[in-house]
Every structure is written in C-alpha cells, then in structure tokens.
Amino acid sequence: MNSNLIRCHRIWCRHRLLSLVFVLAVGLTAVFAWHTIDRAVYWADPGHHERTPESWMTPRYIARSWDLPQDRVEVLLDLSDQTEQGHKPRLRDLARAEGVPVSVLIDRLKTGLPAMVRAEQSP
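Just so we're clear, the structure is a prediction, and the values are computed from it rather than from any experiment.

Scoring rules and cut-offs
Residues numbered from 1 in each chain as written. Predicted model: local features only at pLDDT ≥ 70, side-chain atom pairs only at ≥ 80, totals over all residues. Heavy atoms only, no water. Phe/Tyr/Trp six-rings, centres within 6.5 Å; stacked < 30°, edge-to-face > 60°. Lys NZ or Arg CZ within 6 Å of the ring centre and 35° of its normal. pLDDT = per-residue confidence, 0-100. Helix = DSSP H or I, 4+ residues; strand = E, 2+ residues; numbered from the N terminus. Expected span 1.5 Å × (residues − 1). Contact = heavy atoms within 4.5 Å. Salt bridge = Lys/Arg side-chain N within 4 Å of Asp/Glu carboxyl O. Buried < 20%, exposed > 50% of the residue type's maximum accessible area, 1.4 Å probe, protein only. Axes fitted to C-alpha atoms, helices over the stretch in contact; angles between N-to-C directions. Parallel < 35°, antiparallel > 145°, perpendicular 65-115°, else oblique. Left-handed = near helix turned anticlockwise from the far one by under 90°. Nonpolar A, V, L, I, M, F, W, Y, C, P; charged D, E, K, R; others polar. Core = buried A, V, L, I, M, F, W, Y, C linked by side-chain atoms within 4.5 Å. Patch = residues over 30% accessible without salt bridge, like charges linked within 9 Å, V, L, I, M, F, W, Y side chains within 5 Å. Areas by Shrake-Rupley, 256 points an atom, 1.4 Å probe, with all protein chains shown as cover. Lys, Arg positive; Asp, Glu negative; His and termini not counted. Charge placed at Lys NZ, Arg CZ, Asp CG, Glu CD.

1. Structural notes on the packing of aromatic side chains
Enumeration according to the criterion identifies four aromatic pairs in this entry. Between Tyr42 and Trp43 the ring centres are 5.1 Å apart and the planes differ by 85°, which places this aromatic pair in the edge-to-face class. Site record: aromatic cluster; members linked through ring pairs are Tyr42, Trp43, Trp56 and Tyr61. For the cation-ring pair, Arg39 lies above Tyr42, with the distance from its terminal atom to the ring centre recorded as 5.8 Å.

In structure tokens:
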C-alpha cells in the first residue's frame, strides 16, 4: 500500500473529528472560491454591463450592471414606503406591489440610468 495512504489512514483513525473538520473546511473553501470565480467571470463579460432593464431584474442586478450604488437605482424607481421589498424583489414584483405596470418602472430606469451614470462620471 502507498505510504501516503497509510499515513492518511493512520491520521483518520487517530484524529477522526479533526479530519472531518479539515475536510469540511476544505469543502467550504472550495464552494466560496467557486462562487467568487463564477461572479468575477460573469461580471467581466461586457455583455452584462449597462443592460436594458427587464422585468426579471432586481434593483441590485441593475445597480451592478450600471456600476451604481443600489440606493441610487431605488431612488429612480421612486417606490413608496409601503412597498414590501422581499429578499430579492424583481421589477415585476415591485410594480405589482405598487399597483403600476412594470413598463412604468422600466421606463423610469431607461430614462434615468444613463443620466445618473453621466452624473457619477463627471467631476
């Protein structure tokens, strides 16, 4: 038998709890590394920058796409305080809660986002 396998077997038999904690730590590190790399690759694609707002998008996604703070996008949407903003509210959910067509929110964003980006870029 390979000496490394023998060594691993010996460690497993003597330090089972420590081995499980180590394997769990390595697994969690791999998951978080994968998530970070996945997000970096996704947002590095220029096709995801300054996307035209659609009903499935969340304010956070739009803010990220347009490189703006999320609160600035929420100001553009001009939502009332009564609007319940769930975990990740999509534009269609926000429009339904406000009682307006989703096209109204999309039009607000289409006209306001380019102007806001220009204002952010100018000194």
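2. Focus: the confidence of the model for the chain
Mean pLDDT over the chain works out to 89, with 93% of the residues at or above the 70 mark. Averaged pLDDT values over the elements of the chain bottom out at 88 in helix H4 (residues 70-77) and peak at 96 in helix H2 (residues 16-44).

3. Structural notes on helix H6 (residues 102-121)
With 20 residues, H6 should cover 28 Å at 1.5 Å per step; its first-to-last C-alpha distance of 28 Å lies within 8% of that length. Each element contacted by the buried residues of H6 is listed here: helix H3 (59-65), H4 and helix H5 (91-98).

4. Examining the pattern of salt bridges
Tallied over the entire structure, the rule returns three salt bridges. The residue Arg51 makes a salt bridge to Glu54 at a minimum N-O spacing of 3.7 Å. Among the residues examined, Glu54 registers a relative accessible area of 32% and is labelled partly exposed.

5. Looking at the packing of H4 against H6
In the contact formed by H4 and H6, the axes pass within 9 Å of each other and the chain directions differ by 135°. By the angle between their directions, the pair H4 and H6 is classed as oblique. Of the two possible hands of crossing, H4 and H6 adopt the one that is right-handed. Every residue of H6 that contacts H4 at Arg72, Val73, Leu76 and Leu77 is listed here: Leu105, Arg108, Leu109, Gly112, Leu113, Met116 and Glu120. Split into classes, the residues belonging to the contact of H4 with H6 amount to seven nonpolar, one polar and three charged.

6. Digging into the nonpolar core
The biggest cluster of nonpolar side chains holds 20 residues, and the ones touching the most others in it are Ile62, Leu77, Leu91, Leu109 and Leu113. Elements supplying a minimum of two residues to this core: H3, H4, H5 and H6. A total of six residues in this core trace back to one element, the largest contributor, which is H6. Residues contacting Leu113, with those up to four places away along its chain left out, are Pro53, Ile62, Trp66, Leu68, Val73 and Leu76.

7. Observations concerning a nonpolar patch on the surface
On the surface, a nonpolar cluster with roughly 310 Å² of combined accessible area is contributed by Phe22, Val23 and Val26. With respect to the helices, strands and loops of the structure, Val23 is situated in helix H2.

8. Observations concerning a positive patch on the surface
A contiguous patch of positive charge on the surface is contributed by Arg39, Arg60, Arg64 and Lys88. Relative to the helices and strands, Lys88 is located in the loop between H4 and H5. The class of Lys88 is exposed, set by a relative accessible area of 56%.

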